[in-house]
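# Structure at a glance
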Amino acid sequence: MLELLLTQFVLLWAVIDPVGSIPVFLSQTRGMTAAQQRRIAFKAIFISALTLLFFLVAGQILLEAMEVPLPAFQVAGGLVLLLFALTMIFGESKPAQEIDLHDENLWDKAVYPLAIPSIASPGAMLAIVLLTDNTRFDVTQQAITAVIMLSVLAITLVLLMLANPIQRVIGAAGAAIVSRVMGLILASVAMNELLSGLHSYFTQLAG
């Protein structure tokens with residue numbers, strides 16, 4: 001159980017990437033008062049939580065309605081997570097990719113790009129569906145996954161509230177380094193999901 005909790009926490013930390021969201025948050029709240037920054041942070045985390053909880057509850061239901069076998073989705077999800085991880089490692093860092101995604105409406109910044117795609121990223125949406133597979137995890141385990149996800153979002157909120165001092169300490173280069181390390185961890189988890197999905201798929205065919 002402890003190993004499962006640790007694996008899920010690391011995976012969700014990697015795909016949500018709280019540290020990588022700090023430069024995005026700072027770029028979107030530059031010139032705002034501290035109270036405005038707090039409102040943006042709370043709204044972004046709230047929207048991210050709703051989005052990921054939707055995929056946690058309804059993701060697999062949608063797949064079954066479309067008659068997509070979960071092993072196939074697991075392979076596809078693992079592949080997409082791997083590509084996402086590779087962009088974190090070899091491409092532009094998360095802050096560099098998203099820091100220029102501006103929106104003229106002040107409060108819309110909490111939705112785009114901060115909540116989506118910075119915090120509730122496509123990789124996070126895929127990961128949460130894979131981690132709540134009804135054939136592999138019971139309701140209790142899925143509830144634990146939800147708690148872990150909300151814990152990572154809570155940590156993200158704390159980091160956003162401390163964004164200014166953290167940015168002064170680690171700088172943009174430090175955030176980029178952390179993002180690449182998380183990409184490497186995510187790549188290993190993605191490969192495990194991909195290989196596990198292939199094994200399940202061919203086992204079903206053989207059966």
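A separate point is the confidence of the model for the protein chain. Low pLDDT means the predicted atomic positions in that stretch should not be read closely. Model confidence for the protein chain is summarised by a mean pLDDT of 83, while 91% of its residues fall at 70 or above. By mean pLDDT, helix 5 (residues 94-98) is the weakest element of the protein chain at 60, and helix 8 (residues 139-161) is the strongest at 95.

Take the packing of helix 3 (residues 34-65) against helix 7 (residues 122-130) next. In contact at an axis separation of 8 Å, helix 3 and helix 7 are set at 60 degrees when each is read in the N-to-C sense. Taken together, the axes of helix 3 and helix 7 are oblique relative to one another. The element helix 3 and its partner helix 7 pack so that their crossing is right-handed. From helix 3, Thr51, Leu52, Phe55, Leu56, Gly59, Gln60 and Leu63 reach across to helix 7, where they touch Ala124, Met125, Ile128 and Val129. The class makeup of the residues in the contact of helix 3 with helix 7 is eight nonpolar, three polar and no charged.

Next up on the list: the packing of helix 1 (residues 2-16) against helix 8. Closest axis-to-axis distance for the helix 1/helix 8 pair is 10 Å, and the angle between their directions is 45 degrees. Considering the angle they form, helix 1 stands oblique to helix 8. The crossing of helix 1 and helix 8 is right-handed. Here Leu4, Leu5, Gln8, Phe9, Leu12, Trp13 and Ile16 of helix 1 lie close against helix 8, whose contacting residues are Gln141, Ile144, Thr145, Ile148, Met149, Val152, Leu153, Ile155, Thr156 and Leu159.

What counts, and at which threshold
Residues numbered from 1 in each chain as written. Predicted model: local features only at pLDDT ≥ 70, side-chain atom pairs only at ≥ 80, totals over all residues. Heavy atoms only, no water. pLDDT = per-residue confidence, 0-100. Helix = DSSP H or I, 4+ residues; strand = E, 2+ residues; numbered from the N terminus. Axes fitted to C-alpha atoms, helices over the stretch in contact; angles between N-to-C directions. Parallel < 35°, antiparallel > 145°, perpendicular 65-115°, else oblique. Left-handed = near helix turned anticlockwise from the far one by under 90°. Contact = heavy atoms within 4.5 Å. Nonpolar A, V, L, I, M, F, W, Y, C, P; charged D, E, K, R; others polar.

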